[in-house]
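Remarks on the overall topology
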Amino acid sequence: MKRFLLVFAILILLGYLVFAALYFKDNTREKVCENFKVLVKDSINKQFIQTEDIEQLLKKANLHPLGKPLAEINTMEMEEAIRANKLVRTVDVYTTHKGSLVASIYQRNPVLRVISNRDGSYYIDSERERMPTSLNYTVYLPLAIGDITEEFAKNELYDFVMYISDKSYWDAWIEQIVVNNNKVQLVPRAGDFKVTLGSLDNYKEKLDKLKLFIDKGLNTVGWNRYSEVNLEYNNQVVCTLKQ
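Since this is a predicted model, take the numbers as computed values, not measurements.

Moving on, we come to the overall build of the protein. Helices and strands together make up the secondary structure of the protein, namely six helices and twelve strands. Taking all 243 residues of the protein together, 37% fall into the buried category. Across the protein, the fraction of contacts at a sequence separation of at least 24, relative to all contacts at a separation of at least 6, is 55%. Of the accessible surface of the protein, which amounts to about 14900 Å², a share of 51% is contributed by carbon and sulfur atoms.

Another point: the sheet that holds strand 4 (residues 110–116). Pairing in this open sheet of nine strands is mixed, and the strands run 6-5-4-7-8-9-10-11-12 from one edge to the other. What marks the edges here is a single partner per strand, and that holds for strand 6 (130–131) and strand 12 (238–241). Lying on the sheet, helix 4 (residues 150–165) is in contact with strand 4, strand 5 (120–125), strand 6, strand 7 (143–146), strand 8 (174–180), strand 9 (183–188) and strand 10 (194–198); it crosses strand 4 at an angle near 130 degrees. With respect to the sheet, helix 6 (residues 203–221) is in contact with strand 9, strand 10, strand 11 (226–230) and strand 12, its orientation differing from that of strand 11 by roughly 150 degrees.

Once that is clear, we can look at the pattern of salt bridges. With the rule as written, the count across this model stands at nine salt bridges. Asp125 is paired through a salt bridge with Arg108; the nearest N and O atoms lie 2.9 Å apart. Of this pair, Asp125 sits in strand 5 while Arg108 sits in the loop between strand 3 (101–107) and strand 4; the two residues are 17 residues apart in sequence, bridging distant segments of the chain. Two residues, Glu150 and Lys154, come together in a salt bridge whose shortest N-O distance is 3.0 Å. Taken together, the positions of Glu150 and Lys154, both in helix 4 and four residues apart, correspond to about one turn of that helix. Judged by its relative accessible area of 24%, Glu150 falls in the partly exposed class. A single network of salt bridges, built from pairs that share partners, joins Glu129, Arg130, Glu150 and Lys154.

A word on the layout of surface pockets. For the largest pocket, the calculated volume is near 180 Å³. Lining of the largest pocket is provided by Tyr140, Leu141, Pro142, Leu143, Ile164, Trp170, Asp171, Ile174, Glu175, Gln176, Ile177 and Arg189. Counting residues per element, the ones that place at least two in the lining of the largest pocket are helix 5 (168–173) and strand 8. Residues that form the lining of the largest pocket fall into these classes: eight nonpolar, one polar and three charged.

Running from N to C, helix 4 and helix 6 cross one another at 40 degrees; their axes reach a closest spacing of 11 Å. With respect to each other, helix 4 and helix 6 are oriented oblique. You can see that helix 4 and helix 6 cross each other, and the crossing is right-handed. For the pair helix 4 and helix 6, the contacting residues are Asp159, Phe160, Tyr163 and Ile164 in the first and Tyr203, Lys204 and Leu207 in the second. When grouped by side-chain class, the residues that make up the contact of helix 4 with helix 6 number five nonpolar, no polar and two charged.

Turning our eyes to something else, we now look at helix 2 (residues 51–60). All buried positions along helix 2 are accounted for by Ile54, Glu55 and Leu58. Viewed end-on, helix 2 has its buried residues packed into an arc of 100 degrees, placing them on one side of the element. In this structure, helix 2 carries Glu52 and Lys60 as exposed residues pointing more than 90 degrees from its buried face. Taken together, the buried residues of helix 2 touch strand 1 (36–40), helix 3 (75–83) and strand 3.

Strand pairing within a sheet occurs via backbone hydrogen bonds; the two strands may be parallel or antiparallel. Strand order in the open sheet formed by three strands is 1-3-2, with mixed pairing between adjacent strands. The sheet is open, and its two edges are formed by strand 1 and strand 2 (88–95), each paired on a single side. Averaged over all neighbouring strand pairs, the angle between strand axes comes to 15 degrees, with direction disregarded. Sheet topology places strand 1 next to strand 3; five bridges connect them, and they run parallel. When the bridges of strand 3 are listed, Val40 appears paired with Ile105. Sheet contacts for helix 3: strand 1, strand 2 and strand 3; angle to strand 2, the most-contacted strand, approximately 160 degrees.

Conventions used here
- Residues numbered from 1 in each chain as written.
- Predicted model: local features only at pLDDT ≥ 70, side-chain atom pairs only at ≥ 80, totals over all residues.
- Heavy atoms only, no water.
- Helix = DSSP H or I, 4+ residues; strand = E, 2+ residues; numbered from the N terminus.
- Buried < 20%, exposed > 50% of the residue type's maximum accessible area, 1.4 Å probe, protein only.
- Contact = heavy atoms within 4.5 Å.
- Areas by Shrake-Rupley, 256 points an atom, 1.4 Å probe, with all protein chains shown as cover.
- Pairing = 2+ DSSP bridges.
- Axes fitted to C-alpha atoms, helices over the stretch in contact; angles between N-to-C directions.
- Salt bridge = Lys/Arg side-chain N within 4 Å of Asp/Glu carboxyl O.
- 1 Å grid on protein atoms, 1.4 Å probe; cavity = no way out; pocket = protein on both sides within 12 Å on 5 of 7 lines; lining within 4 Å.
- Points joined across faces, edges and corners; volume = space filled by probe spheres on them.
- Nonpolar A, V, L, I, M, F, W, Y, C, P; charged D, E, K, R; others polar.
- Parallel < 35°, antiparallel > 145°, perpendicular 65-115°, else oblique.
- Left-handed = near helix turned anticlockwise from the far one by under 90°.
- Arc of directions from axis to C-beta.

This is how it looks when you write it as structure tokens:
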């Protein structure tokens, strides 16, 4: 008897929960959206996207939800419109149990700033994709300038930048990367000279060679003796004296 009553009570409870879920779901869908919130989840680390940008984007697309019945709001269309902002990595639009609408957004993550003679200024993000700059926010990143193709930036240059960014010594030492016809020069933060890598083939070995030259050479003879340090040749460091 006790077991029967227990099973009966459980069934009653489950039935109520199903009824309540359906009732409140239908009740919520009859409501009008009175509150819309944009949450940029990673805004502490970077601030490319502002709430106002998303609000204006949705108004322009006639998809802003305020004042509309929740049942008539197409959250998938809203997500598609928000993804049109190329600074957005992911977006999830959903309704809360209180009937509010939320757009939860993560921004794209740039790893390299490019100022190209061909294509202007842009970022390359962590997924090797081109990403526009923002008027709202500028992030400190390795900077590459010169005659740079987008393909070169996404591939060889991306690999090189990820390597030096992971090495605190080179990350602090290199101020700028200059590219001309896929040939690379480095501009150091200290010293009035340039380091010629040439192609980015075997860049790890070239940087090891440079590190040895800095420790054994530049730190001894001084940082302003040469105008160029060339690492293009095997087992050699060719230096050009300042005139």
